[in-house]
Amino acid sequence: EAVAADWMLEFACYCLCRRFREGRAAEFRRWRDVAQALINHLSKIPTHQKKTVYLCQLLIRTAEGRNLECHFENDQRISPLESALSFWTLLEREEIKLEKIHEDIRRLIQIQIVAVHMENGYFREAAEVLERLFTDSESDKPLRVKLATVIKSKDPYVPLLQSFSYNLLISKIKSYVELYMKENEANFLIQAATKEVESKGLGATALQNETVNVNENDKMDLETKKGFVLSIILLRDMLGQKLTTSTFSLFKFWLFYGCLNSLQNVEKHGDALACGRRRKRWTHKEDLELKSGIREFGVGNWAKILVHGDFNNRTSVMLKDRWRTLCRIE
């Protein structure tokens with residue numbers, strides 16, 4: 001049971017990181033719920049999973065960073081970013097190699113905790129936060145003095161806050177997430193799913209067709225499909241074994257609220273299944289949307305064009321094929 005939970009939490013964290021990096025809010029919220037359910041199931045955080053749990057909690061809170069109505073702590077004064085800072089501190093203790101990025105992100109979180117309160121007109125609360133955030137150490141003193149001056153000015157648009165913006169914070173955390181994902185490419189469930197697909201030839205033709213000239217977002221969709229295939233295999237194998245109720249519930253939650261939701265999202269965007277579907281004629285409006293997307297994102301970024309454009313149940317492969325057709329016509 002513990003091993004199975006390990007696999008699922010590792011996979012959920014990886015997916016959460018990916019969705020955070022891509023800025024896909026709806027999918028991020030789905031994986032947030034899966035990760036949070038798995039974390040809540042832990043009676044105690046195993047040492048080897050501390051970094052995974054802390055990172056999930058950091059991302060969940062950062063995603064709600066500007067929403068002061070959202071509370072993660074019993075103390076209602078603690079904003080999402082202030083709560084995120086506590087998990088960033090825990091993450092720092094788990095690592096020793098990334099001192100520069102640790103320092104940058106810590107400083108950005110501290111500044112944005114104050115900035116978010118000021119943007120909402122909570123100047124008294126901003127001053128109270130400042131008292132909680134900083135110790136009397138000499139290293140903290142310069143930033144504390146600057147922020148105290150900013151709060152007194154009651155101007156949320158001063159150069160300091162603009163230079164260390166919320167967008168910069170998100171960008172820095174995404175850089176950290178990139179490093180985490182590279183270190184965890186050996187994720188067991190993703191590897192096992194890939195081997196299963198390759199060994200049994202499941203959807204081999206469809207996968208082969210879609211891997212031609214795909215960009216990073218297309219690869220993510222393929223990983224989602226592989227994850228779904230594996231979840232079915234794992235559940236099938238489990239049904240033939242004696243399992244505790246809690247283990248089976250965990251797998252059901254992961255399957256139905258994680259993989260099925262992800263698969264539904266893929267189908268929503270119209271990924272063609274192996275059985276095929278009736279072709280729909282391209283409209284003039286869709287052609288204009290395609291051309292507009294290419295001007296904005298460039299040829300080859302079909303997934304971005306698909307997400308930002310208004311298309312009628314199309315896939316990134318369909319966009320690519322249509323662009324080739326338009327090029328020939330013109």
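Keep in mind it's a predicted model, so treat the numbers as computed, not measured. (Residues numbered from 1 in each chain as written. Predicted model: local features only at pLDDT ≥ 70, side-chain atom pairs only at ≥ 80, totals over all residues. Heavy atoms only, no water.)

Engineer: Describe unusual backbone geometry, and please don't skip the residues or the numbers.
Structural biologist: At K154, a position not held by glycine, the phi torsion is positive, near 55 degrees. Examined against the element boundaries, K154 turns out to sit in the loop between α7 (141-153) and α8 (159-163). Judged by relative accessible area, which is 54%, K154 ranks as exposed. (Helix = DSSP H or I, 4+ residues; strand = E, 2+ residues; numbered from the N terminus. Buried < 20%, exposed > 50% of the residue type's maximum accessible area, 1.4 Å probe, protein only.)

Engineer: Can you lay out the packing of helix α5 (residues 99-119) against helix α9 (residues 166-183) for me, pointing to particular residues and giving the numbers?
Structural biologist: Closest axis-to-axis distance for the α5/α9 pair is 10 Å, and the angle between their directions is 150 degrees. When the axis of α5 is compared with that of α9, the two are roughly antiparallel. Helix-helix and strand crossings are classified by hand; for α5 and α9 the assignment is left-handed. Along its contact with α5, which presents I101, H102, D104, I105, L108, I109 and Q112, the element α9 presents Y166, L168, L169, K172, I173, S175 and Y176. Its residues placed into classes, the contact of α5 with α9 shows 9 nonpolar, 3 polar and 2 charged. (Axes fitted to C-alpha atoms, helices over the stretch in contact; angles between N-to-C directions. Parallel < 35°, antiparallel > 145°, perpendicular 65-115°, else oblique. Left-handed = near helix turned anticlockwise from the far one by under 90°. Contact = heavy atoms within 4.5 Å. Nonpolar A, V, L, I, M, F, W, Y, C, P; charged D, E, K, R; others polar.)

Engineer: Account for the packing of aromatic side chains, with residues named and values stated.
Structural biologist: Each aromatic ring pair is specified by the distance between its two centres and by the angle formed by the two planes. Within this structure, the stated rule accounts for 6 aromatic pairs. With a centroid separation of 5.7 Å and an interplanar angle of 80 degrees, the aromatic rings of F11 and W31 are classed as edge-to-face. Here F11, found in helix α1 (residues 2-22), pairs with W31, found in helix α2 (residues 25-41); they are 20 residues apart in sequence, far enough to count as distant. Each member of the pair, F11 as well as W31, is classed as buried. Pairing W88 with Y176 gives two aromatic rings, centres 5.0 Å apart and planes at 80 degrees, and the pair type is edge-to-face. Of the two residues, W88 sits in helix α4 (residues 80-94) while Y176 sits in helix α9, which places them 88 residues apart along the sequence. By the burial criterion, W88 is buried, and Y176 matches it. Between the NZ or CZ atom of R314 and the centre of the ring of W282, over which it lies, the distance is 4.3 Å. (Phe/Tyr/Trp six-rings, centres within 6.5 Å; stacked < 30°, edge-to-face > 60°. Lys NZ or Arg CZ within 6 Å of the ring centre and 35° of its normal.)

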